[in-house]
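Spelled out, the chains give:
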Amino acid sequence: MDEVDSTARHDTASCLGARKLQPWEFFRDVLRSSKLIVAPMVDQSEYAWRLLSRRHGAQLCYTPMFHARLFAENATYRADHFLTDAKEDRPLIVQFCANDPEWLLKAAKLVEGECDAVDINLGCPQAIAKRGHYGAFLMEEWELIERMVKKLSSELSIPVTCKIRVFPEVEKTLHYAKMIEAAGCSMLVVHGRLREQKGHKTGLADWEQIRRVKAELSIPVIANGNILYREDLDRCIEQTGVDGVMTAEGNLYNPLLFEDVHLPVWEVAEEYLAIAKGTRDANTSVVRAHIFKLFKPLLPSHPDLRTALAGSSMEGIEDITRQLRERVIAAVGAENVYVRPPYEKNEKGLRILPGWVCQPDIRQELIPNKRKMEQPMEQLTGDDGAKEDEVVVVGPKADLERGEAVNDPSQSNEPVATPPPSNKRARERKDSGESSKPKRAKRVTCTMCPNVPGAKCVFALCKACCVKSGKDLYKERGNGVADEEGDYVCESHKVLKEGRSKPARRKEEVISPQESITA
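Residue numbering note: each chain is counted from 1, following its sequence as written. Reporting in this predicted model follows two pLDDT cut-offs: at least 70 for local features of residues, and 80 or more for side-chain atom pairs to be given and counted; totals over whole chains, interfaces and linings ignore these cut-offs and use all residues. Heavy atoms throughout the structure, all of them, feed into the side-chain values; hydrogens and water do not.

Asks: How should the nonpolar core be read in this particular structure?
Replies: Nonpolar side chains in soluble globular proteins generally cluster together in the buried interior. Working definition of a nonpolar core: buried Ala, Val, Leu, Ile, Met, Phe, Trp, Tyr and Cys residues. They are joined through side-chain atoms within 4.5 Å. Throughout, exposure labels follow a simple rule: accessible area from a 1.4 Å probe, protein chains only, divided by the maximum for the residue type, with under 20% read as buried, over 50% as exposed, and the rest as partly exposed. Counting 115 residues, the largest nonpolar core has F96, L122, I180, L188 and I291 as its most contacted members. Working definition: helices are DSSP H or I runs of at least four residues, strands are E runs of at least two. Numbering for both runs from the N terminus. Of all the elements, helix α14 (residues 265–277) adds the most residues to this core, at eight residues. The contact definition used throughout considers only heavy atoms, calling two residues in contact when any of these lie within 4.5 Å. Setting aside chain neighbours within four positions, we find F96 in contact with M65, F66, A68, F71, L104, A107, A108, V111, V118, D119, I120 and N121. Among the nonpolar cores identified, the runner-up in size contains twelve residues, and C446, C449, L461 and C490 belong to it.

Shown next, in the form of structure tokens:
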């Protein structure tokens, strides 16, 4: 996109004076009706990665999620995390997490002239969001969400957008979305998963809920979830009627997803490294995390490179990339490293691809234990869900990611038998009714306080109590231990008959081995 177009969009609000663009004007004229969107991902949708994604078909990108208060009050935090370019990095939406309208506004004002909209994260399901009280853990606080949206909508010259997750009840999701729209939201991204759907419980995003939200709202609606290949994106638009589709982890493992291409991982890594080295926000740990994801299918076969990559510098990453390329080409031949459509598929509808090309990550299902298998059904279902605003997770079951029915115990209402114990001793304990948990030894404490006693103290006391009371107990019981000079009543704690602990030799008084030899 050329510099003139970018500058024109950037100055849209100022040219219109007090009038702010309406939602559909904003979507059409500023976002250029973008359908291919890269999600906000903590430490992963940084400037260099956005530029790479834009080169390969991304039409709209989000920054990583920023903490509003830290962003507003800490200049170092801003300098370390936020970088953009009006010529190459547009259209751009900056995302914040917050639970205070004032801090949110202060942060948003700092980027008002450097982006096209500000997004409020209402979808992060991670533990850090629960501790910080933001993201999906505000889903029950509608009044607070309404105040935050209204605050930005009324006091910013650029639009405010929101990203949400759904409730189990579709009607509640619809009321929630309508409330956010009425508060002044200009575009809504709907991640079709519950707050509980994350990690190995990610499962399948609910496109039907997204379709219902799109049908009810009068602002642009973007879908998020279940995107492994470009064909999934097209299918999502067809089934839900949304105005665009966002992907998180799908983009991280294959930034060429929008082009429907699977290039060798080293080619993509080399292009990304070249971009990253030319930017001032090239954080080595962030770059390394991207390379680990790109190389994930190959690294199990090259454990030495995996180990080296874990602590490598930028130059080290480049060297590992070169070694990986040379090894694969030597093994399969340069003429065989590229794969082209049509792609062969397995029985689950997944493309059969060699490990050296960029491809989606299919998370394997964990073996369920009894406690987890007894959880409510709605807690076991789950997007291409990245930790999106957060960090991304593709669904655990390949079947579910393809939207197919599966013969899986956790997806059935029928009772499921508990898996048998895995070892002989465990089976014996179960058969005898004995607890499977090992018995803990009773905690021994000092006879005068709750502290742990000295292992060799003749009075079974901790050091503090022994120093304080050892002399009296020695006189009372006569069971103290004396050394050759008769100084000690407790040899373990070095307690003297006078009731004091004998001081240790000062460091400078200690004779070194060399001194003892020459003495």
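Asks: I would appreciate a short explanation of the packing of aromatic side chains in the present structure.
Replies: Geometry of aromatic contacts follows a simple scheme: Phe, Tyr and Trp rings, the Trp one being its six-membered ring, pair when their centres are within 6.5 Å, and the pair is stacked under 30 degrees between planes, edge-to-face over 60, tilted otherwise. This structure, assessed with the given rule, holds eleven aromatic pairs. For the pair F66 and F96, a centre-to-centre distance of 6.2 Å together with 55° between the ring planes defines the contact as tilted. Of this pair, F66 sits in strand β2 (residues 60–67) while F96 sits in strand β3 (residues 92–97), and the two are 30 residues apart along the sequence. Classification of F66 as buried rests on a relative accessible area of 1%. Here F96 falls in the buried class, since its relative accessible area comes to 0%. Judged by centre distance (6.0 Å) and plane angle (70°), the rings of F71 and F82 are edge-to-face. Linking F71 in helix α5 (residues 68–73) with F82 in the loop between α6 (75–81) and β3, this pair joins segments that are eleven residues apart in sequence. Each member of the pair, F71 as well as F82, is classed as buried. Ring-pair connections join several aromatic residues into one group, and the members of that group are F66, F71, Y77, F82 and F96. Ring-over charges, as used throughout, are those where CZ of Arg or NZ of Lys falls within 6 Å of the ring centre and within 35 degrees of the ring normal. One residue, R351, lies across the ring of Y229, its end atom 4.4 Å from the ring centre.

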